Amino acid sequence: MMGWRRSGVGKALALLALAFPLWEWGSCWGLIQGSGELEKSPRSDPGPWEVLHRHRRSWVWNQFFVLEEYTGNEPLYVGKLHSDVDKGDGKVKYVLSGDGATSIFTIDENTGDIHATKRLDREVQAYYTLQAQAVDRLTNLPVEPRSEFVVKVQDINDNEPKFADGPYLAGVPEMSPLGTMVVQVAATDADDPTYGNSARVVYSIIHGQPYFSVEPKTGVIRTALPNMDRETRDQYVLVIQAKDMVGQMGGLSGTTSVTVTLTDVNDNPPRFSHKNYQFTVLESLPTRSLVAKIKAVDADIGSNAEMDYRIMDSDGSGVFNVSTDEDTQDGVITLLKPLDFETKSSFSLRIEATNRNIDTNFLSLGPFSDTTSVKVTVQDVDEPPVFSAPLTKMVVSEDARVGTSIGRVSAHDPDTSSNAIRYSIDRNTDLERFFNIDALSGVISTAKPLDREVNSVHNLTILAIETQDPVQIGKGITLVTVLDINDNAPVFATDYETLLCETTTPGQVIQTVSAVDKDEPPSGHRFYFTLAPSVAGNPNFTLRDNKDNTASVLTKRGGFLRREQPVYLLPVLITDSGSPALSSTSTLPVRVCDCDSDGVALSCGAVAYTATGLSTGALLAILSCIITLLVMVLLIVTMRRRRKQPLILEEERDIRENIVRYDDEGGGEEDTEAFDMVTLRNLNVIRDPNVRRDVTPDTPTFYHYPPASRQSFKTLPDNVVFREFIWERLKDADVDPTAPPYDSLQTYAFEGSGSVAESLSSLESLSTDSDQNYDYLNNWGPRFQKLADLYGNGDGAAVFS
């Protein structure tokens, strides 16, 4: 069996462990029974240690302790590993494995002493799990089962408390009672809370007394004084200390700051800085204008300083109003009614300011309102003349003569009643000068004839000017309404165009007409319709008055024909109901139309028929045809001109300007027998100029040779052979009745006398000697059968036989 020893506090326990059997200490020192790993594994072959026959389990230490932050120069002794099998003869070797083995913890394989070679930090790793085993030094076979133990790092007080959430910001209402909780602070210590007092923290206040206190164990900060006033001091900075070791000497400490702000409550009423205010305003001040601002001071802030102002008493009811400026909490006095120095020169007001949000907890501190007196003095100003009525209405008939008086306006000076006033019309409101005004009396009269149908209402601006001070000008409005008279005859409401089908039957309504009149009689319009006397007895149409300001036009007969008369003009006499009555004659055109079975007009009148016969598309089509015909005629004329040109070239033209095509392979650069360009260039010189081009030419003969010798053309010069060939072809064409005309183009394919390079055709390659064998083409299928017949060694040569 094995046992372990440890250093420090465990040394005494280790000595006792050596003096007594380990299993006897199990109940005294907290030992635990070894795990199943201590049992040996059964083996088939007997080992050297089989003779021990161990049946009872050993009791072992399961935990060692090592102080953290060891600063010595030598490795720290942890404990000792020893096996009962070890007789001290060096046959047993101790092996250590597991968490931190060899890197942190080492073991003497001979003695079993365990040391820590590095400085340990419990806050980094609190314990290490290791496995120890005793093995035979020669065979490396275990003589003891593998056993596991724990090396626990024992804590020392090497970490001060820290406030993870600091610094703190907190608030508490002002005037709070004693002991009101403000905030709770908390500090943490990284040391082991289960060992000693290294992590037991107590709190204390270093700075912030006597206003606040802190509970030592919980860290709760409370008020230490009652009724702290925000208006006196609104912020406090506290320094809180947390110290471990229960605050004893030698403990480590940490601090944090706590900023406590006193929040506002409504504990102060508003107060006016003055009990009396005096202001002066001009009597010309417009309504809704600012008169003055007053302010009640409230020591509170935010919503606790909001207040409402109201007028409690005033000797000018409804003249002024007071409201609150929400941004500055000022009392804003505004003017509601116009001021008149001559009527009232001063006003007295009593204004109250009251807190809008009152806290019932502080009602004992007094009323949360205050009052002040305000006196407003009106200052006199020189005012412009004032019209007795700002708006004056007048009426005049549109047939009024020039100079007719239509009304009078009146104005006075509000400052001095004896001041004279002169009147005039603002010509910007009467550009055509229809009216005049008497400068002294203010009588308005007509200056031009009026026409209600052009302008029924005239809006005039009348100016009243002080005689002594022309700068002072008052303005008034005069509306002149022009009354209507019956001076316009009625006419058709619109330009009617009546369509009449040729198939119309007698008595059929073909048009309903109405009338309009520029006049506006008070009782409304009433129109009467009749045919003009000149057509009252016409056989074609009649008119029926519908008694509702409309009339219907009816046919008297049927069988209207466009070709006889396409348009009828029907004069209609229209009379109004005015006094005196006015009338006018309007002409109704009636067009005869060709209609379909539903009575829809297809074409009307001679002009309309022509216009509808040719649409825009038809005109474009005709124009396109004309252009096409012109182009065809131009092409025919051009072709005929080209056909009249002779085939024989003029002398001054060069043959090189034409393209001459020959179906002659030629002999390459060395072939000089094909043709001679010099000879072709001079053909026109040999031609007889006396030969007519419009008759059949006689075939000229330049060399007289017997017919039999004509078979030997190759013995003659090339130019002679070529020329004779062409002339013979011309002769044959001239005597042939089926030949083309004389001026047509003839093409002659003359191959020439051959080339010194002989034929270049690949068809003759079979006759040449070649080592290439093309018999494999027979095996390529039917697509290559033709090539196999041409180039194979079989019967391919027969193709060219």
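Parameters and conventions
- Per chain, the residues get numbers from 1 upward, laid out in the order the sequence is written.
- Under the rules for a predicted model, residues below a pLDDT of 70 receive no local features and side-chain atom pairs below 80 are neither given nor counted, while totals for whole chains, interfaces and linings still include all residues.
- Processing note: side-chain calculations cover all non-hydrogen atoms of the structure and skip hydrogens and water entirely.
- UniProt positions are given in the numbering used here, feature names are shortened, and annotations may be inferred rather than shown by experiment.
- Strands here mean DSSP runs of E at least two residues long; helices mean DSSP runs of H or I at least four residues long; both are numbered from the N terminus.
- Pairs of residues are marked as contacts when any of their non-hydrogen atoms sit within 4.5 Å.
- Every accessible area reported is derived by Shrake-Rupley at a probe size of 1.4 Å, with residue values counting cover from the shown protein chains alone.
- Between buried and exposed lies partly exposed: a residue is buried under 20% and exposed over 50% of the maximum accessible area for its type, with that area taken using a 1.4 Å probe on protein chains only.
- Strands qualify as paired when DSSP identifies two bridges or more between them.
- Remark: nonpolar core denotes a set of buried residues (Ala, Val, Leu, Ile, Met, Phe, Trp, Tyr, Cys) joined through side-chain atoms within 4.5 Å.
- The convention used is that axes are lines fitted to C-alpha atoms, helices contributing only their stretch in contact, and that angles between N-to-C directions extend from 0 to 180 degrees.
- Whenever a pair of cysteine sulfur atoms sits within 2.5 Å, that pair is classed as a disulfide.
- The rule for a salt bridge is simple: a side-chain nitrogen of Lys or Arg has to be within 4 Å of a carboxyl oxygen of Asp or Glu.
- Per residue, pLDDT captures the predictor's confidence, and it can take any value from 0 to 100.
- Polar contact is defined as a pair of N or O atoms within 3.5 Å, subject to the rule that within protein one atom must be able to donate a hydrogen and the other to accept it, and that residues adjacent in sequence are counted only when both atoms are side-chain atoms.
- Whether two aromatic rings pair depends on their centres lying within 6.5 Å, for rings of Phe, Tyr and Trp, where Trp uses its six-membered ring; planes under 30 degrees apart make the pair stacked, over 60 edge-to-face, and the rest tilted.

Per an unreviewed UniProt entry, the chain goes by Cadherin 7 and derives from Takifugu rubripes. Per UniProt, the chain carries the Function (unreviewed entry) text "Cadherins are calcium-dependent cell adhesion proteins."

Q: Give a description of the overall build of the chain that names residues and reports values.
A: When helices and strands are counted, the chain shows seven helices and 43 strands. Within the chain, contacts between residues at least 6 apart in sequence are counted, and of these 66% link residues at least 24 apart. For the chain, the accessible area works out to roughly 48700 Å², and carbon and sulfur atoms hold 54% of it.

Q: An account of the pairing of strand β11 (residues 168-173) is requested, with residue identities and associated values reported.
A: Only one face of β11 is covered, namely the face carrying Tyr168, Ala170 and Val172; the face carrying Leu169, Gly171 and Pro173 is uncovered. When β11 meets strand β17 (residues 253-263), the two strands line up parallel, connected through six bridges. The residue bridging Tyr168 from the neighbouring strand is Val258, located in β17.

Q: Outline the nonpolar core, listing residues and values.
A: One finds Val78, Leu96, Phe105, Phe149 and Val151 to be the most contacted residues of the largest nonpolar core, which totals 24 residues. Sorting the residues of this core by element identifies β4 (63-67), β5 (76-83), β6 (92-98), β7 (105-107), β8 (113-116), β9 (127-136) and β10 (147-154) as the ones contributing at least two each.

Q: For the pairing of strand β34 (residues 473-483), give the residues involved together with the corresponding values.
A: Alternating residues of β34 divide into Gly474, Gly476, Thr478, Val480 and Val482, all buried, and Ile473, Lys475, Ile477, Leu479, Thr481 and Leu483, none buried. Pairing of strand β27 (residues 391-397) with β34, which is carried by seven bridges, proceeds in the parallel orientation. By the bridge assignment, Ser397 is partnered in β34 with Leu483. In this structure, strand β33 (residues 457-466) lies alongside β34, joined through nine bridges in antiparallel fashion. Residue pairing for β34: Thr461 is matched across the bridge by Ile477.

Q: An account of the sheet that holds β10 is requested, with residue identities and associated values reported.
A: The sheet built from four strands is open, its strands ordered β4-β10-β9-β6 with mixed pairing. Pairing within the sheet leaves two strands with one partner each, and these edge strands are β4 and β6. Across this sheet, the average inter-strand angle for adjacent strands is 30°, counted without regard to direction. Where β4 meets β10, five bridges bridge the pair, whose relative direction is parallel. Across the sheet, residue Val66 finds its bridge partner in β10, namely Val153.

Q: Which residues make up the state of the cysteines, and what are the values?
A: In this structure the tally under the stated criterion is two disulfides. Residue pairing for Cys501: its cysteine sulfur links by disulfide to Cys595, the two sulfurs lying 2.0 Å apart. Here Cys501 and Cys595 share a disulfide; its torsion about the S-S bond, -90°, makes the bridge left-handed. Taken together, the residues Cys501 in strand β36 (residues 498-501) and Cys595 in strand β42 (residues 583-595) connect sequence positions 94 residues apart. Take Cys501 and Cys595: they sit in the same class, and that class is buried. In this model, Cys593 is linked to Cys604 through a disulfide, with the two sulfur atoms separated by 1.8 Å. One quick way to see it: the torsion about the S-S bond of Cys593 and Cys604 is about 110°, and its sign makes the bridge right-handed. One end of the pair, Cys593, is in strand β42; the other, Cys604, is in strand β43 (residues 601-604), with 11 residues separating them in the sequence.

Q: Which residues make up the pattern of salt bridges, and what values go with them?
A: Enumeration according to the criterion identifies 18 salt bridges in this entry. Taking the shortest distance from any N to any O, the salt bridge between Glu352 and Arg310 comes out at 2.8 Å. With Glu352 in strand β24 (residues 346-355) and Arg310 in strand β21 (residues 307-314), this pair connects stretches of sequence that are 42 residues apart. Between Glu520 and Arg452 there is a salt bridge, with its nearest N and O atoms 3.8 Å apart. Taken together, the residues span a long stretch of sequence, with Glu520 in the loop between β37 (509-516) and β38 (528-531) and Arg452 in the loop between β32 (443-446) and β33 at a distance of 68 residues. Linked by salt bridges that have partners in common, Glu306, Asp308, Glu326 and Arg356 make up one network.

Q: Lay out the confidence of the model for the chain in plain terms, naming residues and giving numbers.
A: Predicted coordinates in areas of low pLDDT are best not read in detail. The predicted model of the chain averages 78 in pLDDT, with 76% of residues at 70 or higher. Counted against residues more than four places away or in other chains, residues 647-653, with its pLDDT under 50, gives 14 contacts. Low confidence marks residues 679-714, where pLDDT is under 50. Its contacts with residues over four positions away, or in another chain, come to 37 contacts.

Q: Outline unusual backbone geometry, supporting the account with residue identities and numerical values.
A: Peptide bonds are, in most cases, trans, and in most cases residues other than glycine have a negative phi. Each neighbour pair has its own omega, and for Gln209 with Pro210 the value is 0°, a cis peptide bond. By the secondary structure assignment, Pro210 is in the loop between β13 (202-207) and β14 (212-214). In the segment running from Ser579 into Pro580, the intervening peptide bond is cis, with an omega of 0°. For Thr102, which is not glycine, the phi dihedral falls at a positive 70°. Structurally, Thr102 is set in the loop between β6 and β7.

Q: So what's going on with the environment of Asp382? Residues and values would help.
A: Following the sequence through the fold, Asp382 ends up in the loop between β25 (369-379) and β26 (386-387). With 34 residues separating them in the primary sequence, Asp382 and Thr416 have C-alpha atoms 9.4 Å apart. The residues contacting Asp382, other than those within four sequence positions of it, are Asp415, Glu466, Asp469 and Gln472.

Q: Could you give me a rundown of the sheet that holds strand β28 (residues 405-408), with the residues and numbers involved?
A: Taken in spatial order, the three strands of this open sheet run β28-β32-β31, and their pairing is antiparallel. A single partner strand is all that each edge strand has here, and the edge strands are β28 and β31 (435-437). The mean inter-strand angle of the sheet, taken between neighbouring strand axes irrespective of direction, is 25°. Judged from the three bridges that link them, β28 and β32 form a sheet pairing that is antiparallel. Pairing of Arg408 across the sheet is with Val443, part of β32.

Q: So what's going on with the side chain of Asn540? Which residues, and what values?
A: Within the secondary structure, Asn540 sits in the loop between β38 and β39 (541-545). The exposure class of Asn540 is buried, given its relative accessible area of 14%. Of note is the side chain of Asn540, whose polar atom sits 2.7 Å from the side chain of Arg557. In this structure Asn540 touches Leu554, Thr555, Lys556, Arg557, Phe560 and Tyr568, once residues within four positions along its chain are discounted.

Q: Lay out the environment of Ser424 in plain terms, naming residues and giving numbers.
A: Residue placement: Ser424 occurs in strand β30 (residues 421-425). Note: C-alpha distance between Ser424 and Ile462 (38 residues apart in sequence) is 5.9 Å. Apart from the residues within four sequence positions on either side, Ser424 is in contact with Ile437, Thr461, Ile462, Leu463 and Ile465.

Q: Provide a residue-level description of the packing of aromatic side chains, including the pertinent values.
A: On inspection of all chains with the given rule, the structure shows 12 aromatic pairs. An angle of 45° between the planes, with centres 4.9 Å apart, marks the rings of Tyr211 and Tyr236 as tilted. Highlighted residues: Tyr211 in the loop between β13 and β14 and Tyr236 in strand β16 (residues 235-243), separated in sequence by 25 residues. A centroid spacing of 5.5 Å and a plane angle of 70° characterise the contact between Phe212 and Tyr236, whose relative ring orientation is edge-to-face. In this pair, Phe212 is assigned in strand β14 and Tyr236 in strand β16, connecting sequence segments 24 residues apart. Both residues of the pair, Phe212 and Tyr236, count as buried. An aromatic cluster is built from Tyr211, Phe212 and Tyr236, whose rings are joined through pairwise contacts.

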